[in-house]
Protein chains: 2
Amino acid sequence: MSKDRIVIIGGDAAGMSAASKIRRVNPDRDILVLEKTAHTSYSACGMPYYIGGLIDDIDSLVARSPATFRDKYAIDVRTGHEVVAIDPIAQRVMIRHNGRADISEAFDQLLIATGACPYCPDVPGAGADGIFGLSTLASGIRIKEFIEQNKPKNAVVVGGGYIGLEMAEALVRQNLKVSLIQLGREVMDTLDPDMGALVSQALRDIGVNLYLSEEFEAFESTNGKVQAVVTNQRTLPADIVILGMGVRPNSKLAEAAGIELSVKNAIKVDDRMRTATANIWAAGDCVATVHRLTGQPFYVALGTVANKQGLIAGTNLSGGDACFPGVVGTAVSKICKVEVARTGLQEKELQNLDFDYAAETVKTRTRAGYYPGAGRITVKLIGEKGSGRLLGAQIVGMEGAAKRIDIIATALTARMTVTDLIDLDLSYAPPFSPVWDPVQTAARQLLKKL
Amino acid sequence: MSKDRIVIIGGDAAGMSAASKIRRVNPDRDILVLEKTAHTSYSACGMPYYIGGLIDDIDSLVARSPATFRDKYAIDVRTGHEVVAIDPIAQRVMIRHNGRADISEAFDQLLIATGACPYCPDVPGAGADGIFGLSTLASGIRIKEFIEQNKPKNAVVVGGGYIGLEMAEALVRQNLKVSLIQLGREVMDTLDPDMGALVSQALRDIGVNLYLSEEFEAFESTNGKVQAVVTNQRTLPADIVILGMGVRPNSKLAEAAGIELSVKNAIKVDDRMRTATANIWAAGDCVATVHRLTGQPFYVALGTVANKQGLIAGTNLSGGDACFPGVVGTAVSKICKVEVARTGLQEKELQNLDFDYAAETVKTRTRAGYYPGAGRITVKLIGEKGSGRLLGAQIVGMEGAAKRIDIIATALTARMTVTDLIDLDLSYAPPFSPVWDPVQTAARQLLKKL
């Protein structure tokens, strides 16, 4: 196996994690990476901070450049190379490069790491200038340049997920007047609305105009430039629009090649990151994974998952044996001073799954009450009635609040009960926590309802 | 049971947690608390910050005063009442109060929550003025007053455990010249020396003079006032001395009453917090608990454990049924800007227990490298060879580093392997973590050695 050729489509988190791992294990392996854009191994998650001006140097977001991979890792990275078709029988990929479309390359093993792209519904005006999704490093650079060159005044963010909210904050930092349209009752619908309301308030506090429970309908444009965003209730002037309605897996290539898909049209893979088609693997934002609590297929696009899956694919492609066990739905973000985290299942998901659950929310402090900097923290905890099993948690609070979600992510993975959580020997000192950690205070209250 | 009389010896974390719980469940229960000092329910852990001037108001360290307990909880709290003997047969306690020693009170159930006191070896000069241990609120007030009234210049801290180090920092904040004597190779011997060295350096960085691998021998005094601290290598001038050689359980009362003791002369209790003597219970810093990893008796004096044990005792004393499952050895502290945390077993303990283990240490960042405020973090992880079982962790780092220990404490409790730790779905966003959380980066490196 060590002599056959590996082709990787996509040079970001999953693709380059795999390529690097293979190179470390197989120094002589023929590894070809085909990347559509000019960049490799960049932190897409860091782009809102670059656009907002918190990070000055775009290069700091690039972990390793194409030249580094070529020179130091002897990995044949070809940027500006877009794969336009996969032939799984002939084991070749067809490539578009510099206007030419007659190039193809053979593979023995193929890894699809094509990522995801921002969702934009097919509405009038969707092609106008000034409408941006944020996914590639190039898209981040384009947004920053657009702001610098066009000095837009009014920004509209369509959708209140993580990227939408982080971008709303970034645009406020750049002194734009920012409006945000959200279909749901509150922003961030990966939280239950009672917790999302705390995040909505954090956005209002920095001056974002929220239009909640409002449906996005169309863009208005003049001379191909966006002018306004139309909802079912109003028309908002817009010099720049950010798409924050989530992402969709880039799975069209795989689908066209007859590779089996899963939920949300993400590519179906097993826990080794193998697709259902021989010699073709996939990893990162383009694949579906498994939710460890439900055992069901689950789609999530996160840099950390993509990195891990890339490493797993790379391990298996270089003669090792590694599994990706799935996720428990952990995510974290910082919106202004407010930290937001979630893991496990939220109420909506539990209702769909017919769980008999109870939820409890407590408001307490991140540190001992008397210690300087003790900030607010709200913890919502959900458990199963009867069994007492822990099912999920959501945290909104000030500095130090969010990383506590990892305690719950770990406890969920171990299938702990709420009582088990109360029994944990968690760390305490006044600069870090009240004497009962907030997650244990929430657990004590929840236990009474189970 | 709800009509019999409960007497509690000690009015701090364990005692008042128990009393409060009993009151909530049994509104009419006769509860008598006998407290030697003038204070109840205070945060001993907060006192170094009061002495250092980070917290101005000593009252902020008191969660509930004796008057609050009497007036709002109808708990008969008697301060200045020192129990001098327990008669387990007659079920009475003998009390000293205002010079009288002829008082006694009957109990149906007795809870011993006498705490711990700073250890001071029986050396020449130990009784001199200016030598302080830090345990009760009164002792914290005395130290602060002593500094204000006597304006000491030279401070010597004897012993480099948590309290010793927190006090060294507090005294530096009060502009004293601070020396610290430590028998071990590095401060904080609940860490392995390689990690302790990072904490030693943090102390040097704020100007503490460290005398490591040095044996404390005696105090010198003039007119009953301490003048110097003598070690096996030198004599250090001292206007004030802080005892930081750890604490010993206050178990003499229990021992004299024939109540069975455990390791380090701490009172032996079962997981319900019952002593081996009928109708007598104990909780908090005066009892031994169980280490959940070894199953062996273990002594630790921590506010969070005392609070939890008090709640357990109170639950069982009010007709409920609750267990304290033990600890995994978690502790955390902040020394200047450096956060320090540990859990599980350290190398010394593992050698004593004949574990076949491997350890790995990684140095990385608390946040994404490009994100403002990304600080250093060093994570040491220990696992069992063969089984791959996680055994312990130590963390030293800048803001945001220490609370990660809770991930490991949770994983240890669930008896996870190092691979299980790598597989966890931990939270990631640039303000909180690199894309691989530092504990998972350490786990990946450790795995290669197991």
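Above this text sits the structure in question.
Residues numbered from 1 in each chain as written. Chains lettered and ligands numbered in written order. Predicted model: local features only at pLDDT ≥ 70, side-chain atom pairs only at ≥ 80, totals over all residues. Heavy atoms only, no water.

Visitor: Talk me through the overall build of chain A; I want residue IDs and the actual numbers.
Guide: Along the backbone of chain A there are 12 helices and 25 strands. In terms of C-alpha radius of gyration, chain A reaches 23 Å, essentially the compact-globule figure of 22 Å for 450 residues. Its C-alpha atoms give chain A principal-axis dimensions of about 65 × 55 × 40 Å. Out of the 450 residues in chain A, the part that is buried amounts to 58%. (Helix = DSSP H or I, 4+ residues; strand = E, 2+ residues; numbered from the N terminus. Rg over C-alpha atoms; globule rule 2.2 N^0.38 Å. Buried < 20%, exposed > 50% of the residue type's maximum accessible area, 1.4 Å probe, protein only.)

Visitor: I'd love a proper account of the sheet that holds strand β4 (residues 82-87) of chain B, names of residues and values included.
Guide: Residue and element names in this part refer to chain B. With antiparallel pairing, the 3 strands of this open sheet are ordered in space as β4-β5-β6. The open sheet has two free edges, formed respectively by β4 and β6 (100-106), since each of these has just one partner strand. Pairs of neighbouring strands in the sheet enclose a mean axial angle of 25 degrees, with direction left out of account. Examined bridge by bridge, strand β5 (residues 92-97) and β6 share 5 bridges and lie antiparallel to one another. Counterpart to Val93 in the pairing with β6 is Glu105. (Pairing = 2+ DSSP bridges. Axes fitted to C-alpha atoms, helices over the stretch in contact; angles between N-to-C directions.)

Visitor: Which residues make up helix α5 (residues 162-173) of chain A, and what values go with them?
Guide: All names here are of chain A. The end-to-end C-alpha distance of α5, which contains 12 residues, comes to 17 Å, matching closely the 16 Å that a straight helix rising 1.5 Å per residue would cover. Within α5, 9 of the 12 residues are buried, which leaves the element mostly enclosed by the surrounding structure. For α5, the full list of buried residues reads Tyr162, Gly164, Leu165, Glu166, Met167, Ala168, Glu169, Ala170 and Leu171. Looking one or two residues beyond α5, the residue adopting positive phi is Asn175, at roughly 65 degrees. (Expected span 1.5 Å × (residues − 1).)

Visitor: Go over the relation of the copies chain A and chain B with me, naming the residues and quoting the values.
Guide: Structural alignment of chain A on chain B gives an RMSD of 0.0 Å, achieved by rotating through 180 degrees and translating 0.0 Å along the axis. Overall, the copies show the geometry of a two-fold rotation axis. In terms of C-alpha distance to the rotation axis, chain A has Ile407 of chain A as its closest residue, with the C-alpha 2.6 Å off the axis. Comparing contact sets, 100% of the residues at the interface of chain A also lie at the interface in chain B, consistent with an isologous, same-surface contact. (Least-squares fit on C-alpha atoms with pLDDT ≥ 70 in both. Contact = heavy atoms within 4.5 Å.)

Visitor: So, the packing of helix α10 (residues 405-413) of chain A against helix α10 (residues 405-413) of chain B: which residues are in play, and what are the values?
Guide: Where α10 of chain A contacts α10 of chain B, the two axes come as close as 8 Å, and the packing angle between them is 20 degrees. With respect to each other, α10 of chain A and α10 of chain B are oriented roughly parallel. Handedness of the α10 of chain A/α10 of chain B crossing: right-handed. Of the residues in α10 of chain B, those touching α10 of chain A at Asp406, Ile407, Thr410 and Ala411 of chain A are Asp406, Ile407, Thr410 and Ala411 of chain B. Taken together, the residues of the contact of α10 of chain A with α10 of chain B break down into 4 nonpolar, 2 polar and 2 charged. (Parallel < 35°, antiparallel > 145°, perpendicular 65-115°, else oblique. Left-handed = near helix turned anticlockwise from the far one by under 90°. Nonpolar A, V, L, I, M, F, W, Y, C, P; charged D, E, K, R; others polar.)

Visitor: Talk me through the pairing of strand β7 (residues 109-112) of chain A; I want residue IDs and the actual numbers.
Guide: Consecutive side chains of a regular strand alternate in pointing toward one face of the sheet and then the other. All names here are of chain A. Where burial is concerned, the two faces of β7 agree: the one with Gln109 and Leu111 and the one with Leu110 and Ile112 are both buried. Direction of pairing for strand β1 (residues 5-9) relative to β7: parallel, over a ladder of 4 bridges. Across the sheet, Ile9 pairs through a bridge with Ile112, a residue of β7. Summarising the sheet, β7 and strand β18 (residues 280-282) pair through 3 bridges and their orientation is parallel. If you follow Leu111 over to β18, its bridge partner there is Trp281.

Visitor: Lay out the interface of chain A and chain B in plain terms, naming residues and giving numbers.
Guide: Opposite the 59 residues of chain A that make contact, chain B presents 60 residues. Roughly 4,900 Å² is buried in total at the junction of chain A and chain B, and carbon and sulfur atoms are behind 64% of that figure. For the chain A face of the interface with chain B, the top three residues by lost area are Tyr370, Asp425 and Phe432 of chain A, together amounting to 16%. Run the count over chain A and chain B and you get 2 salt bridges. (Buried area = accessible area lost by both parts, 1.4 Å probe. Salt bridge = Lys/Arg side-chain N within 4 Å of Asp/Glu carboxyl O.)

Visitor: An account of the sheet that holds strand β3 (residues 76-79) of chain A is requested, with residue identities and associated values reported.
Guide: Residues and elements named next belong to chain A. Taking strand neighbours across the sheet as the criterion, the 5 strands line up as β3-β2-β1-β7-β18 in an open arrangement whose pairing is parallel. Sheet topology places β3 and β18 at the edges, where each strand pairs with a single neighbour. Between one strand and the next, the sheet's axes are offset by a mean angle of 20 degrees, whatever the strand orientation. Helix α1 (residues 13-25) contacts β1, β2 (30-35), β3 and β7 of the sheet and is inclined by roughly 165 degrees relative to β2. Sitting on the sheet, helix α8 (residues 303-317) touches β1, β7 and β18, and the angle it makes with β7 is about 180 degrees.

Visitor: Kindly report on the nonpolar core, identifying the contributing residues and their values.
Guide: Core analysis: the biggest nonpolar cluster contains 50 residues, and Ile86, Val93, Leu110, Ile112 and Ile267 of chain B have the highest contact counts within it. Looking at which element gives the most residues to this core, the answer is helix α1 (residues 13-25) of chain B, with 6 residues. Contacts of Leu110 of chain B, omitting those with residues within four sequence positions, involve Val7, Ile9, Ile86, Val93, Asn279, Ile280 and Trp281 of chain B. With 49 residues, the next largest nonpolar core counts Ile22, Ile103, Ala254 and Val287 of chain A among its residues. (Core = buried A, V, L, I, M, F, W, Y, C linked by side-chain atoms within 4.5 Å.)

Visitor: Break down the pattern of salt bridges for me, with residues and values.
Guide: Residue and element names in this part refer to chain A. Counting across every chain of the model gives 44 salt bridges over all chains. Here Arg78 makes a salt bridge to Asp76, at a shortest N to O gap of 2.8 Å. Put simply, Asp192 and Lys380 hold a salt bridge, and the shortest N to O gap is 3.0 Å. Placement of Asp192 in the loop between β11 (177-181) and α6 (193-205) and of Lys380 in strand β24 (residues 376-384) is noted, with a sequence separation of 188 residues between them. Each of Arg5, Asp30, Asp76, Arg78 and Glu105 takes part in salt bridges that share partners, so that together they form one network.

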